[in-house]
Amino acid sequence: MDSKEFLNDILVQTSRFEPISLAEMDGVKLMDRMDVKYLIPLALLPDILSDAIPNYRILEIENSRLCLYKTLYYDTAELSLYKAHQNGYMNRYKIRARNYVDSNLSFFEIKFKNNKGRTLKTRIKQQQIVGRLTNEDSIQFLQKTTSSIDPNSLQGVIWVNYQRITLVSKVGAERLTIDLNLTFQNDNIEKEYSQMVIAEVKQERIGASPFIDIMRKYRLKEGAISKYCFGIISLYQEIKQNKFKKHLRRVSKILAQHDHIAANYLTASY
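Since the structure is predicted, the reported quantities are computational estimates derived from the model, not experimental observations.

Trainee: Just give me the short version of the overall build of the chain, but keep the residues and values in it.
Mentor: Helix and strand counts for the chain stand at seven helices and eleven strands. For the chain, the C-alpha radius of gyration of 19 Å lies close to 18 Å, the compact-globule estimate for 270 residues. Taking the principal axes of the C-alpha coordinates as reference, the chain spans close to 60 × 45 × 35 Å. Within the chain, the proportion of its 270 residues that are buried is 51%. Expressed as a percentage of contacts within the chain between residues at least 6 apart in sequence, the contacts between residues at least 24 apart total 71%. In the form shown here, the chain has an accessible surface area of approximately 13,400 Å², with 46% of it arising from carbon and sulfur atoms.

Right, here's the structure in full:
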């Protein structure tokens, strides 16, 4: 079964959620948070969304509930930010420029993962995304946020693009992001993962969550590679990736699970 057919089912399920606006989401920005990630076969997502409807609202922007994100990640020529993750460093950065297409907003963003497992995100608005940090506001923001990274050493290395469903808990400070149609691209290669979904639970402290309960129901285990690192090892085959081999095995398992569900769906349809 083609992924586009499952996407139709997904759109049907998103239409059933109670909406929430960007303005209403101000209370759950969670710029300082704990994250739990999951890999999900695309074919399971319609059922998962259906189960989530009683407990979550869905972000709606300009009548769209499946929003397009385009992100350029910066690194050094030696990919030192990627290697910090690969080498297991606990205090590490990701630096990116992101265009929130549906809301027509662009930000320069810095994500810091500290040695306590917390993710801290800071950002400033910018007019456009460029391959080198030439905007003085972005340079000063980077220097103020981290003195350990030279702005002149950074260059755009990969685009990570996807469509996102954002769910917000009706009762607590919890936000979910569900990313579909994940595409990685550099100057030479483009790779798409249309049969797999990356979901992320974001809370101030990881605790009770209806979505985590849904993941247990479908026997989906916590753990997923960061989209930036996944993109790097997808496009740069020669790069060291030992730390991520278990995640790559999980990706292969999820893709196979999607194919199995899709084949059974087709059999049942006939």
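Trainee: Any chance you could break down a positive patch on the surface for me, citing the residues and the numbers?
Mentor: A cluster of basic residues, Lys243, Lys245, Lys246 and Arg249, forms a positive patch at the surface. Looking at the element boundaries, Lys243 is found in the loop between helix H6 (227-235) and helix H7 (245-269).

Trainee: With reference to specific residues and values, describe unusual backbone geometry.
Mentor: One non-glycine residue, Asn63, lies in positive phi territory at about 65 degrees. When you line up the elements, Asn63 lands in the loop between strand E3 (56-59) and strand E4 (67-75).

Trainee: Residue-level account of the packing of helix H2 (residues 45-52) against helix H5 (residues 210-217), with values.
Mentor: At a closest axis distance of 10 Å, the pairing of H2 and H5 adopts a crossing angle of 140 degrees. Relative to H5, the element H2 lies oblique. Viewed along their axes, H2 and H5 form a crossing whose handedness is right-handed. Counted together, Ile48, Asp51 and Ala52 of H2 and Phe211, Ile214, Met215 and Lys217 of H5 form the full contact between these two elements. The residue makeup of the contact of H2 with H5, split by class, is five nonpolar, no polar and two charged.

Trainee: I'd like to hear about the side chain of His258, residue by residue, with values.
Mentor: The topology assignment puts His258 in helix H7. Judged by relative accessible area, which is 1%, His258 ranks as buried. If we skip the residues at most four places from it in the chain, His258 touches Ser3, Phe6, Pro41, Leu42, Ala43 and Gln195.

Trainee: If you had to explain the packing of helix H1 (residues 3-14) against H2 to someone new, which residues and values would you point to?
Mentor: One way to put it is that H1 packs onto H2 with a least axis distance of 9 Å and a crossing angle of 5 degrees. In terms of axis orientation, H1 runs roughly parallel to H2. Within the contact between the two elements, H1 uses Phe6, Asp9, Ile10, Gln13 and Thr14 and H2 uses Leu45, Pro46, Leu49 and Ser50. Looking at the contact of H1 with H2, its residues break down into five nonpolar, three polar and one charged.

Scoring rules and cut-offs
Residues numbered from 1 in each chain as written. Predicted model: local features only at pLDDT ≥ 70, side-chain atom pairs only at ≥ 80, totals over all residues. Heavy atoms only, no water. Helix = DSSP H or I, 4+ residues; strand = E, 2+ residues; numbered from the N terminus. Rg over C-alpha atoms; globule rule 2.2 N^0.38 Å. Buried < 20%, exposed > 50% of the residue type's maximum accessible area, 1.4 Å probe, protein only. Contact = heavy atoms within 4.5 Å. Areas by Shrake-Rupley, 256 points an atom, 1.4 Å probe, with all protein chains shown as cover. Patch = residues over 30% accessible without salt bridge, like charges linked within 9 Å, V, L, I, M, F, W, Y side chains within 5 Å. Salt bridge = Lys/Arg side-chain N within 4 Å of Asp/Glu carboxyl O. Lys, Arg positive; Asp, Glu negative; His and termini not counted. Charge placed at Lys NZ, Arg CZ, Asp CG, Glu CD. Axes fitted to C-alpha atoms, helices over the stretch in contact; angles between N-to-C directions. Parallel < 35°, antiparallel > 145°, perpendicular 65-115°, else oblique. Left-handed = near helix turned anticlockwise from the far one by under 90°. Nonpolar A, V, L, I, M, F, W, Y, C, P; charged D, E, K, R; others polar.

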